Amino acid sequence: MSNDRVRVRGLSIFRPIIYGNTATVLTPKERESLSSPDHTHKWTVAVRSAASNPNSDIVGGADDLSYFIKRVVFKLHETYPNQSRTVDKPPFEVSETGWGEFEIQIRITFISESGEKAILLYHHLKLHPWNATGEAEIPPLDVAIKYGPVHSWQYDEIVFNDPFQNFLSILTAHPPTPLPKGSKRPVPFHLSNPASLEASKGGTPEFTTQMAKEEADRLDAAKKEVLAQQEAMRLQIVEKEKELDSLQRQLNSMA
Ligand code: SLL
């Protein structure tokens, strides 16, 4: 066996990614030039590196992820022709026009050296502005267009446990661009409160180390909660077993 197929046991390495979408209301002129006049928005769904390029107004995408991602398949709503869109080279994204929100299935396949199974992510395509009041109210298009692009992005870390030696070498040869410490740009959710249009006009959002930490804290808290629930269940089982045992004995003594 070649050295390459040796696993580095006990080691975990991760790569930060973001996945999600940006959507913009089509102008009346843009709508005229479409073959589907009922489409109201243009949108892009993507899988990108978490760090943004400081000189670009794209969310994330500072690094080319094709050193470890081989393919991304975006499965769109059945109302779209060619529902499954396969992207074999960066940028791993699909741009479309449409009228409705729906769940997009995102399948990420890694390079063969990884020996990893594909992973599945789900993203709810977001077209309508976030509402700071939390009400599910969709503003009319002529109002929504003033808010600017809608952004909905999820930060995630793809973790590789016990990686193959050669895959590990590929990963370490491509360190991810670090996230900025502080936030100069808005966070990746626009609070387009109709009462304050300003909130949505801060430009392209960006992920920060603070947000990565918050996500890690949420995961830690969730893990603790799961363990606590497991322990509570275990104690319940112990109780029930005791009860069962005593009932069994009663039954035996009656026989
Ligand atoms: C809804 N459950 O009713 C969702 C479905 C479907 C979105 C949304 C365009 C398709 C096409 C399109 O936007 N589909 O015209 O080719 O809101």
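Scroll up for the structure.
So, here's what we can say about the structure. Computed from a prediction, not measured in an experiment: that's the story for all the values here.

### Considerations on the overall build of the protein chain
Piece 1. When helices and strands are counted, the protein chain shows four helices and eight strands.
Piece 2. If you list the helices and strands of the protein chain from N to C, you get β-α-β-β-β-β-β-β-α-β-α-α.
Piece 3. Here the protein chain holds 255 residues, and 36% of them are scored as buried.
Piece 4. In the protein chain, of all internal contacts separated by at least 6 residues, the share reaching a separation of at least 24 is 68%.
Piece 5. In the form shown here, the protein chain has an accessible surface area of approximately 15300 Å², with 55% of it arising from carbon and sulfur atoms.

### A few points about the side chain of H39
Piece 1. Relative to the helices and strands, H39 resides in the loop between α1 (28-32) and β2 (41-49).
Piece 2. Under the relative-accessibility criterion, H39 is labelled buried at 12%.
Piece 3. At a separation of 3.5 Å, a polar atom in the side chain of H39 contacts the main-chain amide nitrogen of G98.
Piece 4. If we skip the residues at most four places from it in the chain, H39 touches L26, R31, L34, T97, G98 and W99.

### Some thoughts on the nonpolar core
Piece 1. Formed by 33 residues in total, the largest nonpolar core has its most connected members in W43, V47, F68, F74, I106 and I108.
Piece 2. Sequence-distant contacts of I106, defined by excluding residues within four places in its chain, comprise Y19, V45, V47, V72, V73, F74, I119, L120, L121 and H123.
Piece 3. Of all hydrophobic cores here, the second largest spans eleven residues; its members include A46, W153, L179 and M211.

### Description of the site of the ligand
Piece 1. The local shell around the ligand consists of H39, H77, T79, Y80, G98, W99, G100, E101 and F102.
Piece 2. At 2.8 Å from an oxygen atom of the ligand is found a main-chain nitrogen or oxygen belonging to W99.
Piece 3. Looking at the shell around the ligand residue by residue, the classes come out as three nonpolar, five polar and one charged.

### Focus on the sheet that holds strand β3 (residues 69-75)
The strands that make up a sheet pair up through hydrogen bonds in the backbone, lying either parallel or antiparallel.
Piece 1. Strands sit in the order β4-β3-β6-β7 across an open sheet of four strands; the sheet is antiparallel. What marks the edges here is a single partner per strand, and that holds for β4 (84-87) and β7 (119-124). Ignoring strand direction, the axes of neighbouring strands in this sheet form an average angle of 20°.

### A look at the pattern of salt bridges
Piece 1. As enumerated under the stated definition, the model contains ten salt bridges in all.
Piece 2. Ionic pairing is found between D245 and R249, a salt bridge with its closest N-O pair at 2.7 Å. Separated by four residues within a single helix, D245 and R249 lie in helix α4 (residues 209-254), roughly one turn from each other.
Piece 3. Overall, D245 belongs to the partly exposed group, its relative accessible area being 42%.
Piece 4. The class for R249 is exposed, based on a relative accessible area of 54%.

### Points about the sheet that holds strand β5 (residues 92-98)
Piece 1. Pairing within the open sheet is antiparallel, and its four strands lie in the order β5-β2-β1-β8. If you trace the sheet from one side to the other, it starts and ends with β5 and β8 (150-161), each paired once. Between one strand axis and the next, the sheet turns by 15° as a mean value, whatever way the strands run.
Piece 2. Note: strand β1 (residues 12-25) against β2, nine bridges, orientation antiparallel. Counterpart to T24 in the pairing with β2 is K42.
Piece 3. The sheet contacts of helix α3 (residues 165-172) involve β1 and β8, and relative to β1 the element is tilted by about 55°.

About the criteria used
Residues numbered from 1 in each chain as written. Predicted model: local features only at pLDDT ≥ 70, side-chain atom pairs only at ≥ 80, totals over all residues. Heavy atoms only, no water. Helix = DSSP H or I, 4+ residues; strand = E, 2+ residues; numbered from the N terminus. Buried < 20%, exposed > 50% of the residue type's maximum accessible area, 1.4 Å probe, protein only. Contact = heavy atoms within 4.5 Å. Areas by Shrake-Rupley, 256 points an atom, 1.4 Å probe, with all protein chains shown as cover. Polar contact = N/O pair within 3.5 Å; in protein donor to acceptor, adjacent residues only side chain to side chain. Core = buried A, V, L, I, M, F, W, Y, C linked by side-chain atoms within 4.5 Å. Near = heavy atom within 4 Å. Nonpolar A, V, L, I, M, F, W, Y, C, P; charged D, E, K, R; others polar. Pairing = 2+ DSSP bridges. Axes fitted to C-alpha atoms, helices over the stretch in contact; angles between N-to-C directions. Salt bridge = Lys/Arg side-chain N within 4 Å of Asp/Glu carboxyl O.

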